[in-house]
Amino acid sequence: MEDADKTQAQLIEELQALRGEVAALCTKSAAENRAEGALYEKDLYLQSIYENSNRRLVDSQRAAKVGNYEWDLLTGEVSWSAEMHNIFEVDEDYVPTTEGFAEFVHPDDMYILSKESFQKALSDRHHEFEFRVIGARSQEVKSIHLWGKVDTNAEGTPIQIYGTLQDITARKAVELALRESEERYRLLVENASVCIHEIDLEGRLVSMNRTGLD
């Protein structure tokens, strides 16, 4: 039936039905927009959490002078955290490699790069080293503690090494100062012109300097 043949009531009825369809589409579109908005807000929230967590991790690593590293044994690719770059005093765009790492190691501590050390690390599945490196910019000698773990595949073949590296220069300086202080105290007591001795809680003689023994 042509539109001209329709009664006014039929046209009004069709118009109302059309309005209903449009309203339903608008409602659906609004609901979809709200859902998309909620997902977008959730993504922003999760991204904010990730960024804040990553920032806190970077800050804590900087405060403790601890960096982390990964070495893919299959591809040879090495990755460093930001603090690793700070410790070795290189720019953020520096691309770490196993060969490049050797350039930082103190000449007297190259043993950590030996084939024997590497094979032992693989067989033990974990390793710890204390050694020295030289900062790229300052040329400062730094004491380093490295901890590493080896991951293997289902067949037991090593596929990755990862771990942490910490700049312990300040701690080593304190330990050295303490040892030197203890040595000075020992020499002072040993060479004193008066008798100096130590007795435990049960009244037993623990130690006595040379003057007391003469």
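Residues numbered from 1 in each chain as written. Predicted model: local features only at pLDDT ≥ 70, side-chain atom pairs only at ≥ 80, totals over all residues. Heavy atoms only, no water.

Asks: Just checking my understanding: could you explain the sheet that holds strand β5 (residues 158–167) for this structure?
Replies: Pairing between sheet strands relies on hydrogen bonds along the backbone, with the strands arranged either parallel or antiparallel. Strand order across the open sheet formed by 5 strands is β2-β1-β5-β4-β3, with antiparallel pairing between neighbours. One side of each edge strand has no neighbouring strand; the edge strands of this open sheet are β2 (78–80) and β3 (126–134). Taken pair by pair, the neighbouring strands of this sheet meet at an average axis angle of 20°, ignoring direction. As defined by bridge partners, strand β1 (residues 66–72) adjoins β2 across 3 bridges and the pair is classed as antiparallel. (Pairing = 2+ DSSP bridges. Helix = DSSP H or I, 4+ residues; strand = E, 2+ residues; numbered from the N terminus. Axes fitted to C-alpha atoms, helices over the stretch in contact; angles between N-to-C directions.)

Asks: Help me understand the side chain of Lys-142, please; the structure alone is not making it clear to me.
Replies: Along the chain, Lys-142 turns up in strand β4 (residues 141–152). At 2.6 Å, the side chain of Lys-142 forms a polar contact with the backbone oxygen of Ile-87. Among the polar contacts listed, one links the side chain of Lys-142 to the side chain of Glu-89, at a separation of 3.0 Å. Once you skip the residues sitting within four places of it in the chain, Lys-142 turns out to touch Asn-86, Ile-87, Glu-89, Phe-131, Arg-132, Val-133, Asp-167 and Thr-169. (Polar contact = N/O pair within 3.5 Å; in protein donor to acceptor, adjacent residues only side chain to side chain. Contact = heavy atoms within 4.5 Å.)

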